[in-house]
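Coordinate inspection notes
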Amino acid sequence: MHVGLALPQYDFSVPGVDPLDWDTLVHWATAAEAKGFDSLWLSDHIGWSIDKYGGPPGLFPGFDPIPTLAALARRTTTARLGTLVLATPVRPPTVAAKALTGIDLVSQGRLTVGLGAGWFEPDYDQTGQVMPPPKERLARLAEAVDVMRGCFAIAPDTPFDYDGRFLRADGLRNKPAPVQQPSPPIWLGGRGPKLVELAAAKADGWNTCWQWTPEDYAPRAAHARQAAAQHGKGPDDFTLSLGLYTLVGEDQKDLERRFERLKATAPSGTISPTTTLADYRLGRLVGTIAEVRQQLQRWADLGVALVIACLGAVPFSVTDPDDLDPVVAAVS
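Description of the structure in this document. (Residues numbered from 1 in each chain as written. Predicted model: local features only at pLDDT ≥ 70, side-chain atom pairs only at ≥ 80, totals over all residues. Heavy atoms only, no water.)

**Considering the overall build of the protein**
In terms of helices and strands, the protein carries eleven helices and 14 strands. The C-alpha atoms of the protein give a radius of gyration of 19 Å, which matches the 20 Å a tight globule of 332 residues would have. Of the roughly 13,900 Å² that the protein leaves accessible, carbon and sulfur atoms contribute 54%. In the protein, the 31 positive side-chain charges and the 38 negative ones have mean positions that sit 4 Å from each other. (Helix = DSSP H or I, 4+ residues; strand = E, 2+ residues; numbered from the N terminus. Rg over C-alpha atoms; globule rule 2.2 N^0.38 Å. Areas by Shrake-Rupley, 256 points an atom, 1.4 Å probe, with all protein chains shown as cover. Lys, Arg positive; Asp, Glu negative; His and termini not counted. Charge placed at Lys NZ, Arg CZ, Asp CG, Glu CD.)

**Overview of the packing of helix α1 (residues 22-35) against helix α2 (residues 65-73)**
At a minimum axis separation of 11 Å, α1 and α2 run at an interaxial angle of 60 degrees. As the angle between them shows, α1 and α2 are arranged oblique. Helix-helix and strand crossings are classified by hand; for α1 and α2 the assignment is right-handed. Between α1 and α2, the contacting residues are Trp 22, Leu 25, Val 26 and Ala 29 on the first element and Thr 68, Ala 71 and Leu 72 on the second. Its residues assigned to classes, the contact of α1 with α2 comprises six nonpolar, one polar and no charged. (Axes fitted to C-alpha atoms, helices over the stretch in contact; angles between N-to-C directions. Parallel < 35°, antiparallel > 145°, perpendicular 65-115°, else oblique. Left-handed = near helix turned anticlockwise from the far one by under 90°. Contact = heavy atoms within 4.5 Å. Nonpolar A, V, L, I, M, F, W, Y, C, P; charged D, E, K, R; others polar.)

**Some details on the layout of surface pockets**
Looking at the largest pocket, its volume works out to about 790 Å³. Lining the largest pocket are 35 residues, with Trp 119, Gly 189, Gly 190, Arg 191 and Cys 209 positioned closest to its centre. Going through the elements one at a time, α4 (121-126), α5 (134-152), α6 (193-202) and β11 (205-208) are the ones with two or more residues in the lining of the largest pocket. Residue composition of the lining of the largest pocket, grouped by class: 19 nonpolar, ten polar and six charged. (1 Å grid on protein atoms, 1.4 Å probe; cavity = no way out; pocket = protein on both sides within 12 Å on 5 of 7 lines; lining within 4 Å. Points joined across faces, edges and corners; volume = space filled by probe spheres on them.)

**Notes on the pairing of strand β7 (residues 111-116)**
With six of six residues buried, β7 lies mostly within the body of the structure. Where burial is concerned, the two faces of β7 agree: the one with Leu 111, Val 113 and Leu 115 and the one with Thr 112, Gly 114 and Gly 116 are both buried. The pairing of strand β5 (residues 80-83) with β7 spans two bridges and is classified as parallel. Within β7, the residue paired with Leu 81 across the bridge is Leu 111. In terms of strand pairing, strand β6 (residues 86-87) meets β7 through two bridges, oriented parallel. Paired with Leu 86 across the bridge in β7 is Leu 115. Two strands pair when backbone bridges link them, and β7 and strand β10 (residues 186-189) are joined in this way by three bridges, in the parallel orientation. Counted as the bridge partner of Val 113 is Ile 186 from β10. (Buried < 20%, exposed > 50% of the residue type's maximum accessible area, 1.4 Å probe, protein only. Pairing = 2+ DSSP bridges.)

**A few points about the pattern of salt bridges**
When charged atoms on two side chains of opposite charge get close, those side chains can pair. One pass over the structure, following the stated rule, counts 16 salt bridges. Between Asp 204 and Arg 149 there is a salt bridge, with its nearest N and O atoms 3.0 Å apart. Remark: Arg 149 occurs in helix α5 and Asp 204 occurs in the loop between α6 and β11; sequence separation between them is 55 residues. By relative accessible area, Asp 204 is classed as partly exposed at 22%. What makes Arg 149 partly exposed here is its relative accessible area of 24%. For Arg 168, the salt bridge identified is with Asp 163, shortest N-O distance 2.9 Å. (Salt bridge = Lys/Arg side-chain N within 4 Å of Asp/Glu carboxyl O.)

Below is the structure:
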């Protein structure tokens, strides 16, 4: 089992740090890599709201994933760098592929490209676009995968052409090419069955997050593996990854201490004062090192190869750097 970290990215992400500064983000990235995390992940929003999680209203600014990962490629050496996930209707895939190629080059082949259909309507509003209906967003995502693969795999002197329903490329030359050939791994992120089937058909992996029980996830994972097999892909060709809220203690007393700290420092409204540790366990990776080790084995038995840990109460947030150590201990 591999473990990744959802990095703090927004002004709500780190207790007591508002606005989020670059040095804090870098500290979390380099500390996670040094302690043994295999990968580092950023989301893709112009500004993000956490009111759906019970937090205060309004959009919180954050770091754009593409230049941020490019910069982190120079501050890290081993961890893979990924997007969880790029909103493809908002970003022209040809332009995004060019930028992502730069990350793969600077990182010497450590990029994983996570793509999504784009679910957050304010991203469209802020960029002067109209959010397409779900069926169209999924169709656009399918074309985006085709376009990005074509851009990534381009031969040095061979232009790439594409004429789809929504996307076009005319004589595109993506030079220099990425290190990983014919393409960096492309994963699709989402929950729905149609998204899973699209990932199995066109992508190298599927991610979903941030709350799942093994009982709810098992049939979806089986569906993903079956769909991938229909396209000639085995477990080595199609990666299942799972993002989970994560809290690990060295023992029960330490776990309870960390939970109380999480409650005290989480963005207002995201954890009710009456929430117990037993409540918080549901659908999350929570427990002592020994308990979480058992939980990870159960996820591995379901085919999950990578768990992306979110150490805060809302996505892409954290609590304290000392939460990193017990997570790594549970994986090792």
